[in-house]
Amino acid sequence: MQNVVSDEPYEFVPPYRGTFWSWAVGKFLPRLLRRRYGIVSWKSHGLDHLRASLKAGHAVILCPNHCRASDPVLNGVIVTETPAHAYAMASWHVFRQSWLETFVSRRIGAFSVYREGRDRKSLDLAVDIVTSAERPLIIFPEGVISSANDRLMPLMEGVSFVARMAAKRRSKTDPSAKVVVHPVAFQYEHRSDPEISLSPTLARLEQRVFWQTSEHLSVRERIDRLREAIQCAREVQILGFAKSGDLEVRIADLVNHILQQHERQWLGRIRTGDVIARVKDLRISLIEDMAAGKVDDAERKRRWRVLTDIYYAQCMSLHVPGYLDKVSAGARYNHRLFETVERIEEELTDVMTVYNDLHVDVRVGPAIEVDANARNPRGVDPLMVTLREGMLDLLGVPDQWPPQPVVDGDC
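The following refers to the structure shown. (Residues numbered from 1 in each chain as written. Predicted model: local features only at pLDDT ≥ 70, side-chain atom pairs only at ≥ 80, totals over all residues. Heavy atoms only, no water.)

### Re the overall build of the protein
Moving on, step 1. Each helix and strand counted, the protein has 16 helices and eight strands in total.
Moving on, step 2. A compact globule built from 411 residues should have a C-alpha radius of gyration of about 22 Å, and the protein, at 22 Å, falls within 12% of that.
Moving on, step 3. With the principal axes as the frame, the protein shows a C-alpha extent of 65 × 50 × 40 Å.
Moving on, step 4. Put simply, the protein has 411 residues, and 50% of those count as buried. (Helix = DSSP H or I, 4+ residues; strand = E, 2+ residues; numbered from the N terminus. Rg over C-alpha atoms; globule rule 2.2 N^0.38 Å. Buried < 20%, exposed > 50% of the residue type's maximum accessible area, 1.4 Å probe, protein only.)

Written out as structure tokens, the structure is:
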């Protein structure tokens, strides 16, 4: 399990406000993207939208999709080619990986946000940055890595809160001052042959589940067999037996079963809807007393077992039903094969193979003006609806996949 959750007391990490390091890292950006993430080429689109907003003196929030670990670094393409400097909200775990990761992240403008609880300092700083229009602020509205480039997950409300608060403050001093939100899309494409590039990775994964390697099968057949094996193993661990039937339905059933049993205990009620939001609520409930030092070692260990369970439930939920359907995938089918293998590899080993074949289209959309006089809406937020539509348009994907598998009401 990756180190994305901590039971230590949260400490806010502020950004470095100088510009030298942001400029310097930009000089090494091509080498960094190639060596660490296998991104060998990219093309930017729509930067004039951002340049126009900056020239007009608008306060700017940039909202990219978040499908890969390289996305935060890829923001460097936008800031170096515009050119501009930016601040970015980053999950606290980013600053806990290593001293080098913390040093570099802070120096290029990142500051922490605590996703397992309230973080007034982070929100206040975000609002202040946008109000002053000091620099563009980057927020990933999905909140987590989706692991699927051709799907946009539900957007969190933080963007709307920061944008509206800043717009109200700016309008008090200058009624003509604007806050704008720019949708951003990172669209990746693996350009090597999956039958050749993925075979060694699949062989390692097959050996990990104690199989002989299956080079005589196609990549798609090997992926399907691995997914079935992993699902059976998880069902045996959680349920005591392996089920049969449609794999997508079984995944959804197991995710629901895991979350429901813990929601009963820790939230007092069963929930439905977005898995990411359900996992987040469980983490908040579990970690609060752990971070405050209110539990003994035995209880801490028990809670970590629950946190591990819901982490893997979230991982399972990221396997999109119908993602490898050739008709809906079209020209993106080969890329989705890579994504699926990468997702399986990360779940089993916590690392992903770098293939050195990625091209990325970086797209910035037109500005969405934030209405300073709009009330905080209840229910559907028009700002977030417009932002979502803009991001989907840049990605060129539909908002809805084939219907989610029907799960048992109470597993």
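### Examining the environment of Asn-373
Moving on, step 1. Among the structural elements, Asn-373 can be located in the loop between strand S8 (368-369) and helix H16 (382-395).
Moving on, step 2. For the pair formed by Asn-373 and Lys-294, sequence separation is 79 residues and the distance between their alpha carbons is 44 Å.

### Details of the packing of helix H11 (residues 247-266) against helix H13 (residues 297-317)
Moving on, step 1. Taken N-terminus to C-terminus, the directions of H11 and H13 make an angle of 150 degrees; their axes are 9 Å apart at the nearest point. Of the two possible hands of crossing, H11 and H13 adopt the one that is left-handed. Where H11 approaches H13, its residues Ile-251, Leu-254, Val-255, Ile-258, Leu-259, His-262, Gln-265 and Trp-266 are matched on the opposing element by Glu-299, Arg-302, Arg-303, Val-306, Asp-309, Ile-310, Ala-313, Met-316 and Ser-317. (Axes fitted to C-alpha atoms, helices over the stretch in contact; angles between N-to-C directions. Left-handed = near helix turned anticlockwise from the far one by under 90°. Contact = heavy atoms within 4.5 Å.)

### What about the pattern of salt bridges?
A side chain of one charge can pair with a side chain of the opposite charge when the charged atoms of the two come close.
Moving on, step 1. A complete count under the given rule lists 27 salt bridges for this structure.
Moving on, step 2. Across the pair Glu-206 and Arg-222 runs a salt bridge whose closest N-O atoms are separated by 2.9 Å. Here Glu-206, found in helix H9 (residues 199-208), pairs with Arg-222, found in helix H10 (residues 219-239); they are 16 residues apart in sequence, far enough to count as distant.
Moving on, step 3. The exposure class assigned to Glu-206 is buried, which follows from its relative accessible area of 1%. (Salt bridge = Lys/Arg side-chain N within 4 Å of Asp/Glu carboxyl O.)

### A short note on the pairing of strand S2 (residues 59-64)
Within a regular strand, the side chains alternate between the two sheet faces.
Moving on, step 1. Counting buried positions along S2 gives six out of six residues, so the element sits mostly inside the fold.
Moving on, step 2. Because side chains alternate across S2, one face comprises the buried residues Ala-59, Ile-61 and Cys-63, and the other comprises Val-60, Leu-62 and Pro-64, equally buried.
Moving on, step 3. When S2 meets strand S6 (residues 179-190), the two strands line up parallel, connected through six bridges. When the bridges of S6 are listed, Val-60 appears paired with Val-180. (Pairing = 2+ DSSP bridges.)

### Section: a nonpolar patch on the surface
Moving on, step 1. The grouping of Trp-99, Leu-100, Val-104 and Ile-108 at the surface amounts to a nonpolar patch, some 410 Å² of accessible area in total.
Moving on, step 2. You can see Val-104 is positioned in helix H5 (residues 99-107).
Moving on, step 3. In this structure Val-104 comes out as partly exposed when scored by relative accessible area, which is 31%. (Patch = residues over 30% accessible without salt bridge, like charges linked within 9 Å, V, L, I, M, F, W, Y side chains within 5 Å. Areas by Shrake-Rupley, 256 points an atom, 1.4 Å probe, with all protein chains shown as cover.)

### Considering the layout of surface pockets
Moving on, step 1. Empty space within the second largest pocket amounts to approximately 1,300 Å³.
Moving on, step 2. Taken together, 39 residues form the lining of the second largest pocket, with Met-156, Glu-157, Gly-158, Val-159 and Lys-280 sitting closest to its centre.
Moving on, step 3. Elements that contribute at least two residues to the lining of the second largest pocket include exactly helix H6 (120-132), helix H7 (158-173), helix H12 (275-291) and H16.
Moving on, step 4. Among the residues forming the lining of the second largest pocket, the class breakdown is 19 nonpolar, seven polar and 13 charged. (1 Å grid on protein atoms, 1.4 Å probe; cavity = no way out; pocket = protein on both sides within 12 Å on 5 of 7 lines; lining within 4 Å. Points joined across faces, edges and corners; volume = space filled by probe spheres on them. Nonpolar A, V, L, I, M, F, W, Y, C, P; charged D, E, K, R; others polar.)

### Focus on empty space enclosed by the protein
Moving on, step 1. Here the structure, examined in full by the defined rule, presents three cavities of 30 Å³ or more.
Moving on, step 2. For the largest cavity, the calculated volume is near 70 Å³.
Moving on, step 3. Arg-227, Ile-230, Gln-231, Arg-234, Ile-251, Met-316, His-319, Ile-344 and Glu-347 together form the lining of the largest cavity.
Moving on, step 4. Looking at the lining of the largest cavity, the element that brings in the most residues is H10, giving four residues.
Moving on, step 5. Taken together, the residues of the lining of the largest cavity break down into four nonpolar, two polar and three charged.

### A closer look at helix H3 (residues 47-55)
Moving on, step 1. All buried positions along H3 are accounted for by Leu-47, Leu-50 and Ser-53. The buried residues of H3 occupy one face: seen down the axis, they fall within an arc of 120 degrees. Residues of H3 that are exposed and angled more than 90 degrees away from the buried face: Asp-48 and Lys-55.
Moving on, step 2. Residues of H3 that are buried make contact with strand S1 (39-45), S2, helix H4 (71-81), S6 and strand S7 (358-364).
Moving on, step 3. The first or second residue beyond H3 is Gly-57, which carries a positive phi of 80 degrees. (Arc of directions from axis to C-beta.)

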